[in-house]
Amino acid sequence: MKHLLTLCCVGLLSIPLVPAYGQDKPTLRLLQTIPLSGVSGRLDHMAVDLEKKRLFVAAVANGTLEVLDLDAGKVINSIPGIKDTQDALFLGGQFNKLYVSSLDGTLRIFQGETFRLIQALKLEPDPNRLLYDPATDLIYFGYGGQNAGFDAYGRVGIMQAKRGAPSDQFVADMIAPTYRPGHLAEMAMEDNGRLLICDSRADLILQFDTRKRELLKSWPAHGDGAGDMALDRARHRLFVGTRIPAEMTVYDSLSGKEIASLPGPETMDGVYYDADLKRIYMSGGRWYGTPEASPGWVYVYQQKDADHYELVSRVKTRPGAGTSLFVPQLKRLYVASQAIGDQDAAILAFERLP
């Protein structure tokens, strides 16, 4: 009898483990691959112009911001002379301005059609992500931190966007205290004016009251490299991607309480919430110059309710395709794939499937 039990136990241990997410559900379909001919090095964050269907891509090592026509599926312009391009923000309508941040400490503002430089705001090094609040016409951006030589804090800059040609105005900044040198990354805005921002080096989530312009609280992220996040405003749920371990963690965005944690793609570099389908998209595959690049994936999670989530799909992209942008108005997820070896740089356009 003991011998039979031993064989049964060995047999159970030898059965291959079934992935926790089960059978992949079709969630994304590759529609188009838009080439970025001649663009080398890492690609970073993107922005969209919904009126003219243009996509802006930060080509970090290339020192440019690439401008794509989404309908034509091609590059139509390349804005040069931007050292270590990080992020872009386009405001259409009466603003008609393009904002571009770069690690050299400059926030550049261009006219939205001719790309004539209107204003160059000099800051401390490391301006990164840009966030526009339509309720106040204020633009928020993180900067400072370790790259600026500050070991215990970063800054959240606040700028008043002006319609038309007049120069925008730097209003104030908020101090983001950290217990170790940091780098302020992705931001999200609650409906009540609470700003959330993650620090990818200090591994903190910080919550600010933008009306009083003061820090309300901060809490440690679950893991290292917490550089990207998304927000479900209706349920006050914050989705944060980490690189070590490769996970997606869900928090209560008001209290900071951890709700759930699920496996994520390696070298994550993009997290987005799809409010229509109650899904979270997380892209990974950012390349750090290692001998072999991480495989590119988009992990798709389904929100069952505020406290329960399931990994329902893993969609293969390309090595070096870490950064992404979800555009809900177009029902598209754009993934930036950098040039590696014989692989040319490109933007992969995925259609969202119901």
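Here the structure is a predicted model, which means the values were calculated and not measured. (Residues numbered from 1 in each chain as written. Predicted model: local features only at pLDDT ≥ 70, side-chain atom pairs only at ≥ 80, totals over all residues. Heavy atoms only, no water.)

Notes on the sheet that holds strand β23 (residues 279-284)
- If you trace the four strands from one edge of the open sheet to the other, you get β22-β23-β24-β25, paired in antiparallel fashion. The two strands at the open ends of the sheet, each matched to only one other strand, are β22 (268-274) and β25 (308-316). Within this sheet the neighbouring strands show an average axis-to-axis angle of 20 degrees, counted without direction.
- Taken together, the six bridges between β22 and β23 define a ladder with antiparallel strand orientation. (Pairing = 2+ DSSP bridges. Helix = DSSP H or I, 4+ residues; strand = E, 2+ residues; numbered from the N terminus. Axes fitted to C-alpha atoms, helices over the stretch in contact; angles between N-to-C directions.)

Describing the side chain of Arg237
- Examined against the element boundaries, Arg237 turns out to sit in strand β19 (residues 237-242).
- Of note is the side chain of Arg237, whose polar atom sits 3.3 Å from the backbone oxygen of Arg235. (Polar contact = N/O pair within 3.5 Å; in protein donor to acceptor, adjacent residues only side chain to side chain.)

Considerations on the pattern of salt bridges
- Using the criterion set out here, one finds 22 salt bridges in the structure.
- In this structure, the salt-bridge partner of Asp168 is Lys97, at a minimum N-O distance of 2.7 Å. In this pair, Asp168 is assigned in the loop between β12 (153-160) and β13 (169-177) and Lys97 in strand β7 (residues 97-102), connecting sequence segments 71 residues apart.
- Residue class for Asp168 comes out buried when judged on its relative accessible area of 5%.
- Here Arg352 makes a salt bridge to Asp274, at a shortest N to O gap of 3.1 Å. One end of the pair, Arg352, is in strand β28 (residues 346-352); the other, Asp274, is in strand β22, and 78 residues separate them in sequence.
- Taking the relative accessible area as the measure of exposure, Asp274 reaches 1% and is therefore buried.
- Each of Asp87, Arg129, Glu186 and Asp228 takes part in one network of salt bridges that share partners. (Salt bridge = Lys/Arg side-chain N within 4 Å of Asp/Glu carboxyl O. Buried < 20%, exposed > 50% of the residue type's maximum accessible area, 1.4 Å probe, protein only.)

Keep in mind these numbers describe shape, not what the thing actually does.
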